[in-house]
Amino acid sequence: MAVTRDTYNQQTLGANLNDKLNQSKILMVGAGGIGCELLKNLVLSGFRDVHIVDLDTIDLSNLNRQFLFRHEHIKKSKSLVAKEVAQKFNPDAQIIAYHANIKDSQFGVEWFRGFNLVFNALDNLDARRHVNKMCLAADVPLIESGTTGFNGQVQVIKKGVTACYDCSPKDTPKSFPVCTIRSTPSQPIHCIVWGKSYLLNEIFGTSEDESAFDHSVDADNAQEIEELRRESAALRKIRNSVGTPEFPQMLFDKVFYTDIERLRSMEDMWKSRKAPDAVKHDDLLSKASEALAAKDSLLHDGQRVWTLEESLVVFRDSLDRLSKRVLEMKKNKKPEDPEPIIAFDKDDVDTLDFVAASANIRSTLFGIDRKSRFDIKQMAGNIIPAIATTNAIVAGLCVLQAFKVLKGEYDQVKEVFLTPFASARLLASDRSRAPNPNCPVCGTYQTSAYVDMTRATLNDLVEDFVRLGLGYGDKEFIVSNEVGILYDVDETENLNKKLTELGIHKDSFLTIVDEDDDDPFVNVLVNIQDLKEPDEKPIKGIATDQAPSIPRKPKAEPPPEAVITNGKSGANGVHATELDAAKSLKRARSDDDDDVLEVKKAKTSQVDVPDDDVVIIEDEGAILIDD
């Protein structure tokens, strides 16, 4: 008898588990650093029906850690190339690839329900949250994973059994006070954000990338904000000169001389810090003859830190390249097309050179250390170094947890952390956390409404589905979606509108909030699906003889009183030493490539940090182990 790959898998895994692998339909979201390793592991382990979704194309910077890709694959679809290469590992496997965004309408709740298991190998917070929500709505187990440098994490998520991705709060992406960025930078990252999110956008992109700036602390600086708006308006006029011989000097003198001189004139701003220096284009250019002669070597050496004169040379050269690009785009633009823009891309050498040169010139004027183009690429792209070995270990852990999930052994699944610099051990595991009853995602009751979109109104949803179908009766409640409130006791003007008029379609989510003060239901998350067969009523719920049993919200407990035990303060009679020994795990993820946050010990005291003290690269949250 011939010995096949399946024979070996059966001997290794056992006949029962091997059959489950052969028959399971698997979804893998993301085909990057973890995804390449994971896909290889899946097909070699015996999974025969694997679907991959990834929106990205392959960049040169991917090749050092995404081993399924080669130089000839650059600019091609990650998912399609991953399928083609991984197929060779196991020709018997059926791999289906989608070069698409997992948030596209084709990937709805019903589509997710077709899978036995989903793997997340993503690199951004928003997509992770979306897949988490869809898996909970479809009641499909999810294995979440991520890496940051040498650290990694794997988490199993199962509706009603384990904590979900949103059971613990996630840090918001880093933003910067606009007045710090535009008027009082004190760190290299301030100047880099200024070049990337302000200057580049004002000249070649969409004016004012507000997402990078935080205006919440600028209420007392209304006059300064207004002046900054006038500066932006002046830059938009200079933008019209793109491609002319005068353009580089006009732009340089505006941002590095006129604007700096205006800042210098605000004497109160510089009482406790050194005022910036202003410089004129022609004065600096007259000193840059050596840098001009060495321009080619400058542009090919990303590791050196440019001088002020060298930064001017790169600034002028990058402006010339970008100007030619945008003029060519305008030349080829059709009348109905929007105005062409150029956005920052860490792998686009033209925009990277412009941002690096602009940031270094500004840093010099403000007395801030300059950075090499390589360092600026890391910082502007929010890049945390990716380690191929970390991705491989985490991908292997994902498959090991998948074996337990497919056997239904949720009491055996673990949250596993890869922490090579911890004092104890390389891999640390902990029992999966229970769902957080106050989680805004999995702490809700989830159900589906089947809707005839041609007839259903909001009133049908309120009266037939919520009051009768869900058993709310005479309760007061709120119906909302991601846009805002659609209905409450005082908001009734939408009742006669069709759901489609309110932007509600297949796979929309609605939230029902019970306003009963005494015994409220937990929030109900309703997924909208098409009513496939005609029915007397335009909205139906899941077939049942009685209203579903929606859990009640847990009653708020009074804060624990401090109890003194053996001379030490504790809570509810627990010794302080016992409290010290108890561990609480808080997890979050990053927007960076294959990221999961570093394991750190929580600080026991709060330290006031000056407004200027901005972390250069900040993870989108952290795994905190409070000892």
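Residues numbered from 1 in each chain as written. Predicted model: local features only at pLDDT ≥ 70, side-chain atom pairs only at ≥ 80, totals over all residues. Heavy atoms only, no water.

Within an unreviewed UniProt entry, the label attached to the protein chain reads Ubiquitin-activating enzyme E1-like, and the organism entered is Pseudallescheria apiosperma. The UniProt entry for the protein chain carries the following comment under Sequence similarities (unreviewed entry): "Belongs to the ubiquitin-activating E1 family." As stated in UniProt under Subunit (unreviewed entry), the record for the protein chain gives "Heterodimer." (UniProt positions renumbered as here; feature names shortened; annotations may be inferred.)

**Student:** Sorry, what's going on with the overall build of the protein chain here?
**Tutor:** When you go through the protein chain residue by residue, the secondary structure sums to 19 helices and 21 strands. Counting only residues that meet the buried cut, the protein chain has 49% of its 627 residues in that class. Pairs at least 24 apart in sequence give 69% of the contacts found in the protein chain among residues at least 6 apart. (Helix = DSSP H or I, 4+ residues; strand = E, 2+ residues; numbered from the N terminus. Buried < 20%, exposed > 50% of the residue type's maximum accessible area, 1.4 Å probe, protein only. Contact = heavy atoms within 4.5 Å.)

**Student:** It is not clear to me how a negative patch on the surface should be interpreted in this structure. Could you clarify?
**Tutor:** Together, Glu476, Asp490, Glu515, Asp517 and Asp518 give the surface a local cluster of negative charge. Positionally, aspartate 490 belongs in the loop between β13 (485-487) and β14 (509-514). Owing to a relative accessible area of 67%, aspartate 490 belongs among the exposed residues under this scheme. (Patch = residues over 30% accessible without salt bridge, like charges linked within 9 Å, V, L, I, M, F, W, Y side chains within 5 Å. Areas by Shrake-Rupley, 256 points an atom, 1.4 Å probe, with all protein chains shown as cover. Salt bridge = Lys/Arg side-chain N within 4 Å of Asp/Glu carboxyl O. Lys, Arg positive; Asp, Glu negative; His and termini not counted. Charge placed at Lys NZ, Arg CZ, Asp CG, Glu CD.)

**Student:** Please explain the nonpolar core as it appears in this structure.
**Tutor:** Generally speaking, soluble globular proteins have nonpolar side chains that are buried together. Core analysis: the biggest nonpolar cluster contains 53 residues, and Leu199, Phe204, Leu251, Phe256 and Phe315 have the highest contact counts within it. At the level of elements, α8 (188-204), α9 (222-239), α10 (247-264), α13 (295-300), α14 (308-331), α15 (349-365) and α16 (373-380) are the ones that each hand at least two residues to this core. The contacts of phenylalanine 315, once residues within four sequence positions are left out, are Pro248, Leu251, Phe252, Phe256, Phe354, Ala357, Ser358 and Ile361. (Core = buried A, V, L, I, M, F, W, Y, C linked by side-chain atoms within 4.5 Å.)

**Student:** I'm lost on the packing of aromatic side chains in this one. Help?
**Tutor:** Geometry of an aromatic ring pair is reported as the spacing of the ring centres plus the angle between the planes. Under the defined criterion, the tally for this structure stands at 16 aromatic pairs. Summarising the aromatic geometry, the rings of phenylalanine 204 and phenylalanine 247 are spaced 6.5 Å apart at their centres and angled 85° between planes, so their arrangement reads as edge-to-face. One end of the pair, phenylalanine 204, is in helix α8; the other, phenylalanine 247, is in helix α10, and 43 residues separate them in sequence. The class of phenylalanine 247 is buried, set by a relative accessible area of 1%. (Phe/Tyr/Trp six-rings, centres within 6.5 Å; stacked < 30°, edge-to-face > 60°.)

**Student:** Mind showing me how you'd approach the side chain of lysine 78 here?
**Tutor:** Positionally, lysine 78 belongs in helix α4 (residues 78-86). Aspartate 56 is the oppositely charged side chain nearest to the buried, salt-bridge-free lysine 78, at an N-O distance of 4.2 Å. Within polar-contact distance, the side chain of lysine 78 engages the side chain of glutamine 66 at 3.4 Å. The residues touching lysine 78, leaving out its near neighbours within four places in the chain, are Ala31, Gly32, Asp54, Asp56, Thr57, Ile58, Asn62, Gln66 and Phe69. (Polar contact = N/O pair within 3.5 Å; in protein donor to acceptor, adjacent residues only side chain to side chain.)

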